[in-house]
Amino acid sequence: MQDSDFLYQLDAAVLDAHSQRKSAENFASSIKKFIAYVEENSNSTCSLIHLCKEFHFQRRRFYDVINVLEALNFCKKTGVDEMVWYGRANFKKMLLQIKKSSIKEENNFDQCISISVLTVRFIKSFFTFNSQTINIKDIGNYLSRENGRTKTTTCKLYQIAHILEAASVVEKTIMPGEISLPEEYFRIEETQPKIPFTIEQLLNTPAPIKSMQQDSVLLDVDDLASHLAA
DNA sequence: AAATCCCGCCATTAG
DNA sequence: CTAATGGCGGGATTT
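None of these values were measured; they are calculated from a predicted model.

Chemist: Please give an account of the pattern of salt bridges that cites residues and values.
Modeler: Tallied over the entire structure, the rule returns six salt bridges. A salt bridge links Glu70 to Lys77; the shortest N-O distance between them is 3.0 Å. One network of salt bridges, with partners in common, ties together Arg60, Arg61 and Asp64.

Chemist: Provide a residue-level description of the protein's contact with DNA strand C, including the pertinent values.
Modeler: Taken together, 19 residues form the shell around DNA strand C, and within it Arg60, Tyr63, Ile113, Lys151 and Thr152 come nearest. Near-protein atoms of DNA strand C (within 4 Å) split between backbone and bases, with sugar and phosphate holding 61%. One of the backbone N or O atoms of Ile115 is found 2.9 Å from a phosphate oxygen in DNA strand C. The side chain of Thr152 places a nitrogen or oxygen atom 2.3 Å from a phosphate oxygen of DNA strand C. When contributions to the surface near DNA strand C are tallied by element, the ones reaching two or more residues are α4 (48-54), α5 (59-71) and α9 (150-166). Considering only residue class, the surface near DNA strand C consists of nine nonpolar, three polar and seven charged.

Chemist: If you had to explain the sheet that holds strand β6 (residues 178-180) to someone new, which residues and values would you point to?
Modeler: By definition, the strands of a sheet pair up through backbone hydrogen bonds, in either a parallel or an antiparallel sense. Reading across the sheet, the three strands line up as β4-β6-β5 and stay open at both edges, with antiparallel pairing between neighbours. In the strand order of this sheet, the two ends are held by β4 (133-135) and β5 (171-172), each with one partner. Relative to β4, helix α7 (residues 115-128) is tilted by about 125 degrees, and along the sheet it contacts β4 and β6.

Criteria and cut-off values
- Residues numbered from 1 in each chain as written.
- Chains lettered and ligands numbered in written order.
- Predicted model: local features only at pLDDT ≥ 70, side-chain atom pairs only at ≥ 80, totals over all residues.
- Heavy atoms only, no water.
- Salt bridge = Lys/Arg side-chain N within 4 Å of Asp/Glu carboxyl O.
- Near = heavy atom within 4 Å.
- Polar contact = N/O pair within 3.5 Å; in protein donor to acceptor, adjacent residues only side chain to side chain.
- Helix = DSSP H or I, 4+ residues; strand = E, 2+ residues; numbered from the N terminus.
- Nonpolar A, V, L, I, M, F, W, Y, C, P; charged D, E, K, R; others polar.
- Pairing = 2+ DSSP bridges.
- Contact = heavy atoms within 4.5 Å.
- Axes fitted to C-alpha atoms, helices over the stretch in contact; angles between N-to-C directions.

Written as structure tokens, this is what we have:
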């Protein structure tokens, strides 16, 4: 007997055909459980299909979750049916990077709307507009201004927001369509631990750490800090 | 009616 | 070729 039966469809329908009716509740809770689990086994590779089954995700949905999480560096696909979970600390580094990049306004004439790219632009919007709360509808219009595909873009933004809310990186407001980025993340720079540099250390630093690099390069403050600590 | 987001067809890519 | 991946957006549900 083949495994192909697992392939296309779903399973989920059979499982909760009678029990739970709140499918949205299931999706969100699956994400939470999945993250809680993988958070404990950080830095070790795991099988996507296993996780998918384990937490009762519909295959197609699981790819969505992985893609938005990977776009924010929570994890990374390391091969076919394989990924590594890095966690929130790594996400914060990405957040800082996104914040830095929010300064420049790039022209995106992208034809394809990938959920990964949209995820980053979505988060980037908080910084671009320097607002802790943004409206999905507005951002949808904004991000689709070049391609006119507002419907698809907005649908995806709802999808992304839903996943990110379950992942606790974003929160819904009482206002319809309003999404907020928690202080902790919105003020990412301020919450970065102060590096206890001493005059001596700074004087002994050979050359300017951040010379003329591409601003796309992630300057790892944590690594620098631990390096000096050693 | 408007806001949400479920759902899965099928094109694309990897092996 | 088969299996893994994910673009895309219609339309069912909630609010």
